[in-house]
Structure formats: C-alpha cells, structure tokens
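# Fold and geometry: a report
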Amino acid sequence: MSPSAIALAVMIAVVGVGVVMGFYAGLRRKMDLEQWTVAGRGFGTLLVWLLMAGEGYTTFTLLGASGWAYSRGAPAFYIMGYMSLACVASYFFLPQLWELGRAHKLQTESDFFEKRYASERLGAFVALVGVVFLVPYVDLQLTGLGDIVRVASFGAVGKTWAMVLAAAAVAAFVYASGIRAVAWMSILKDALLLGVVAAIGIGVPYVYFHGIGPMFSNLARLHPKMLVLPGKTTDLGQSWFISTVFLNALGAYMWPHLFAASFTAKSGDVLRRNAVFMPLYTITYPLVLFAGFAALLIVPGLHDGDLSLLTMTQRTFPAWFLGIVGGAGALTAMVPAAMLILSAATLFAKNFFRPIFAPTMSEPAVARMAKLMVGVMTGVAVLFAILGTKSIVGLLLLGYDGITQFFPGVILGLYWKRVTRAAVWSGMIAGVVAVTILVLSGKDPIGGLNAGFVALCLNFAVVIAVSRLTPAERNGFETAPAAE
Amino acid sequence: MEPARKSGLVRKPTLGARLLALIPFLALCFTVPLWNRIHPVVLGLPFNLFWLILWIPLTSLCMWAAYSRDRKSESVEAKTAKGDSP
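The paragraphs below set out a description of the structure included in this document. (Residues numbered from 1 in each chain as written. Chains lettered and ligands numbered in written order. Predicted model: local features only at pLDDT ≥ 70, side-chain atom pairs only at ≥ 80, totals over all residues. Heavy atoms only, no water.)

The subject of this paragraph is the side chain of Ser66 of chain A. Inspection of the secondary structure assignment puts Ser66 of chain A in helix H4 (residues 59-71). Its relative accessible area of 0% is what places Ser66 of chain A among the buried residues. (Helix = DSSP H or I, 4+ residues; strand = E, 2+ residues; numbered from the N terminus. Buried < 20%, exposed > 50% of the residue type's maximum accessible area, 1.4 Å probe, protein only.)

Residues and elements named next belong to chain A. In the contact formed by H4 and helix H16 (residues 308-316), the axes pass within 7 Å of each other and the chain directions differ by 95 degrees. The orientation of H4 relative to H16 falls into the category roughly perpendicular. Listed contacts from H16 to Leu62, Leu63, Ser66, Gly67 and Tyr70 of H4 are Ser308, Leu309 and Leu310. Considered class by class, the residues forming the contact of H4 with H16 number five nonpolar, three polar and no charged. (Axes fitted to C-alpha atoms, helices over the stretch in contact; angles between N-to-C directions. Parallel < 35°, antiparallel > 145°, perpendicular 65-115°, else oblique. Contact = heavy atoms within 4.5 Å. Nonpolar A, V, L, I, M, F, W, Y, C, P; charged D, E, K, R; others polar.)

This part is about the nonpolar core. In a soluble, globular protein the nonpolar side chains are often hidden away together inside. Residues and elements named next belong to chain A. In this structure, Phe93, Phe112, Phe113 and Phe216 are the most contacted members of the largest nonpolar core, which totals 203 residues. Ranked by residues supplied to this core, first place goes to helix H17 (residues 319-357) with 21 residues. For Phe93, the residues in contact, after removing those within four places along its chain, are Tyr253, Met254, Phe407, Ile411 and Leu414. (Core = buried A, V, L, I, M, F, W, Y, C linked by side-chain atoms within 4.5 Å.)

The next point concerns the side chain of Ser84 of chain A. Here Ser84 of chain A lies in helix H5 (residues 78-90). Residue Ser84 of chain A is classed as buried on the basis of its relative accessible area of 1%. With sequence-adjacent residues up to four places away left out, Ser84 of chain A is seen in contact with Pro279 and Thr282 of chain A together with Leu28, Ile56 and Thr59 of chain B.

Turning next to helix H8 (residues 120-152) of chain A. Residue and element names in this part refer to chain A. Under the 1.5 Å per step criterion, the end-to-end length of H8 is 47 Å for 33 residues, consistent within 8% with the ideal 48 Å. Across the 33 residues of H8, 25 count as buried, placing the element largely inside the fold. Two residues or fewer after H8 comes Phe154, characterised by a positive phi angle close to 55 degrees. (Expected span 1.5 Å × (residues − 1).)

With that settled, consider the interface of chain B and chain A. Tallying the contact residues gives 39 residues for chain B and 43 residues for chain A. When chain B packs against chain A, the two sides together hide about 3600 Å² of surface, and 74% of this comes from carbon and sulfur. Scanning the region where chain B abuts chain A turns up two salt bridges. Secondary structure elements with two or more residues in the side of chain B that touches chain A: helix H1 (15-30), helix H2 (32-35) and helix H3 (47-84) of chain B. Sort the elements by how many residues they give to the side of chain B that touches chain A and H3 of chain B lands first, with 15 residues. Classifying every residue of the side of chain B that touches chain A by side-chain character gives 25 nonpolar, five polar and nine charged. (Buried area = accessible area lost by both parts, 1.4 Å probe. Salt bridge = Lys/Arg side-chain N within 4 Å of Asp/Glu carboxyl O.)

Examined against the element boundaries, Ala166 of chain A turns out to sit in helix H9 (residues 159-177). Measuring from C-alpha to C-alpha, the distance between Ala166 of chain A and Ala330 of chain A comes to 8.0 Å, with 164 residues separating the pair along the chain.

Moving on, we come to the packing of aromatic side chains. Two measures describe an aromatic ring pair: the distance that separates the ring centres and the angle between the ring planes. Summed over the entire model, instances satisfying the criterion amount to 36 aromatic pairs over all chains. On the basis of an interplanar angle of 70 degrees and a centroid distance of 5.9 Å, the ring pair of Tyr57 of chain A and Tyr281 of chain A is categorised as edge-to-face. With Tyr57 of chain A in the loop between helix H3 (45-56) and H4 and Tyr281 of chain A in the loop between helix H14 (268-277) and helix H15 (284-298), the pair connects residues that are 224 residues apart, well separated along the chain. Just as Tyr57 of chain A is buried, Tyr281 of chain A falls in that class too. Taken together, Phe112, Phe113, Tyr117, Phe259, Phe263, Phe406 and Phe477 of chain A form an aromatic cluster joined through their ring pairs. A cation over an aromatic ring shows up here: Arg72 of chain A above the ring of Trp68 of chain A, its NZ or CZ 4.1 Å from the ring centre. Above the plane of the ring of Phe47 of chain B lies Arg37 of chain B, whose end atom (NZ or CZ) is 5.6 Å from the centre. (Phe/Tyr/Trp six-rings, centres within 6.5 Å; stacked < 30°, edge-to-face > 60°. Lys NZ or Arg CZ within 6 Å of the ring centre and 35° of its normal.)

Below, the discussion takes up the pattern of salt bridges. Across all of its chains, the model carries 10 salt bridges over all chains by this definition. Residue Asp147 of chain A pairs with Arg150 of chain A through a salt bridge whose shortest N-O separation is 3.2 Å. Note that Asp147 of chain A and Arg150 of chain A are positioned in helix H8 at a spacing of three residues, about one turn of the helix. Classification of Asp147 of chain A as buried rests on a relative accessible area of 12%. Given a relative accessible area of 31%, Arg150 of chain A falls into the partly exposed group. Here the salt bridges share partners, and the residues they tie into one network are Asp269, Arg272 and Arg273 of chain A together with Arg71 and Glu74 of chain B.

Remember, this is a structural readout, not a statement about activity or role.
Put into structure tokens, the structure is as follows:
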C-alpha cells in the first residue's frame, strides 16, 4: 500500500468510529428540545469536562496556536494564560447560571437575557449577534479540517471534498443525536488528540534536537526576540498580553455554545468541580507550541504559519501515524463544529424566529425548526468555506471580541440588583459597535491594548451609568414564578 | 423568614474563595512584566514558558482550595440550619 492509501485508510477508520459513536449516543431516546440541546441536564463531572474541553480545543487552537508560535513567537503564550483563567472565572458564574437554568428551564444564552431582563427582543438580539459570530467559527473549523485532511492524505483528498463530506456527517449526527453526540465523540477525540499532541510536541524536538531544552537553546541563540513579548510583532507587547488574557478569560464562556453546555450538568456542583480540574487540560498547549517552534528552526519561510504543525508531522512521522493525526484533527474540527451548529440552530429557532415572527409556535414546532436549521447553518458555513470570502475572516476576528460584550449583561444580571434592561441594551450596542469599528478599521490593538478589552470597558461604563440613570426594575427571575 | 433552599444548590462563593481565585489572575495575567524573559532557563524552558506551565497545576490547586472552602462553609451552614429547626 502506498503511504497515501495507508494514511487515508487509518483516517477514515478513526473518523468512522467517531461518527458511529455520535449516532449511537442518541439512540433510543426521544429527542425533544430539552434532550437535544441540554441532554436533559443529566451529565456528571467527567462528561461535562469532556464536553467543555472538546469544544474549547478546536482546530484553531491546534493549528492556530502552533501557527502563532511559528510566525509571531511569544504572543502565542496568551492562549495558555487565558485557558486556565477562563476556568477560574467560570467558577463564579456557571454554577449560578445552572441554578437559574434548572429553575426557569433555560436552554440558551438568549433565554437568560430574555428572562432576566423580561425582554424577548433583548433575547432575540443576543441570538442574532450569537449566530452572526458562530457561523464564521464553524467555517473556520471546516477550513482547518480541509487543510488537515489534505495534508494527512498526501493530497489524495481535496480540501473542498473533505469539507463537504465532513459537514454532511456533522449535520447528520447533530440532527439525530444533538448534544449527546458531541459529548460522546469528545471521549474519542480528546483521548486521540492528547496522544497525538504529546507525540508531536515531545517527539519532534527529540528527533531534530535531541530534546526540548536543546531546541530552546537553539531558538534563544538564533531567534532570541521570538521568545519574549512582543515576539516578531511590534504591537503585541505586555499591555496587549494582559488585556487579551483578561478579555478572553471573561469572554470564553460567553460563546453561546459553551454557555449552553453548562446546562447539561446534573448539578451546579459539577460545574464547580469542572472549574477545579479543567485548567489541567491546558497542559496540551505547550506541546502544540513546541511543534510551532520546532518548525521555525527546521522549515523556516512557510507561506502559511498555520500549516507548521502539519508540515512537521508529515516530515517526521510514518504514514499510519499521519492517518491518526488526520483523523484526530478531523474530529477536532467536527466536534466543536457540531456544537456550534447546534447552538446557532437553537438560538435562531427558539430565540430569534419564534418571538419575532411566530409567537404562537409550540415547543415541538420550535424543536423541528431548530433541527431543520442545522442543515441551513451547515450549508451556509460550507458555502463560505468554499468561497473563502475575506469578510468571513473579518467576522471571525470580531467574534472573540464581539462575543465578550455579553459579559456585563450576564455578570451584572447575576450579581447586581440595580442593572436595568435599557442599560444592558445600551452597553451591548456600544460594545459591539466599538469593536466592529476598531477591528474592521485595523485599529486592533489600539494604544497597546486589545480592542475588545477597550470596548468591554466602554460597555461596562455605559451599563453602570445608564442603570443609575434609569428607574430600578425587578429581576425577571424573581417576578416570574419558578417552576418546581 | 426566607424559605429554606433545597440541598445541593450552589451559593455565592465565599470571600476566601474569591481571594484564592485572584492568585492565578495575578500570576498569569497582571504580572507579565516580571516574568517576560528567557533567563533563568528552567528545565530547558525559557523562563516565561516555564512560568506559564508551572501555573497550570497551581491554578487547579488554587481552585481546589477555593472549592473546599466553599464546601466547608456550606456544610457548616447546613448543620446550623438543622440545629435551629426542631
């Protein structure tokens, strides 16, 4: 067998097992909206951990982190800083959100805004902003998958075909099994990825430099500037690092799919324990960074730094291992993509379409529509990925900064009685508009600070000022009778 | 009187837990200028990378301490509540 055939066969086997697990996860269960989106709120610590890690660790972190190390150097370390701190921050709002989620049957991030501030329109706005940022994220996963499969199959499978086939599989198992598919596939994906990343991150430096230490002493001699901030860049310095880590630590769980994933836990305590253990998953990142740094020494001058990890893997390992990397990498795209699509579809059907266009829609009808939207959202993402439009890259850059603008409404909604609906509207619009203008006009970072951070400060200031100026309102969770 | 909360519900984190959670934020985020350097090299790693890796287990440790403090204060509260009611 040719190397390409071996790699392809292994890759198809890995992805095949994953997809079967995905379908199997939802077998013999009645998939109403509660089961489909939040798994009946029954997951224990291990499944929640796998689900959250499974969603947090995407192709962007696998290819992007090594790519940043390769082309920018030390600024890539921000990923290690914020991943742990996002878990720390989550300790202070996810368990509380879970409690409200159970008492008031919340299934999405929009549900929280809708109930807390007694406004379907605010919920619809959050849903709209969420979907606008989620779809490019899916698109990014598919693009990463296309690259991984193309390299791992030695070019035997083209990028477009890989993306279309994977997207069709994702849509099918999300439709059938909902969030259970994502959780169960995460088991395979996380285990494989951990092994693959360890083999690459430790193996590559050993093969070429006889160790990680010698590799870094080479780097320190040849590229000393790469190893400290601002690395190869001029504007990603220490203040950028602090503002970016802080922003992302607060914002990570504002992504609607991660926010909603917390509702799958069977108790708030599960989420607290998750916050204790989750930082340990960050240990995979330095290994990815090692691969990027090794590539800098071995294959300098790559056109696309995001391909550095794959290039090193192809040069170093046998074909069968490349197949495993390809399979694990494909699942690393498919698992988060599944959750992103599920979230976008639910937000659109439940929190945008129903309140705005069809207020009398029944819950089974909403569930049917959400499942239908899985196909639509996937289709749009595939189309964007194939066309490779530039504006999508812009939306994605905006995504991380934009999504964090939900944070003041969530945290103040939980802990500050005085916050009002008008204030949250004004703050969120100010934040999203500020981020859009700054990022799209190329002013990120601005004054050495992450543009999203600047917008978040503005957002907080507006929410607090307007809350003080508007009459106090009752907390929507207290006025509505809690379901027993 | 406030209605008794169902058991298993999570309360607001204690002050101790909040202070413990602040430690990783100080170590990983706000103190960058102190550790953004290559030397001293530890275990073959540039100092900044070593520092960030070191704080992965230490962050978990801080959160574990925060969690046990919260659990403790909850169990004390629960006992007091039991003692009050006949």
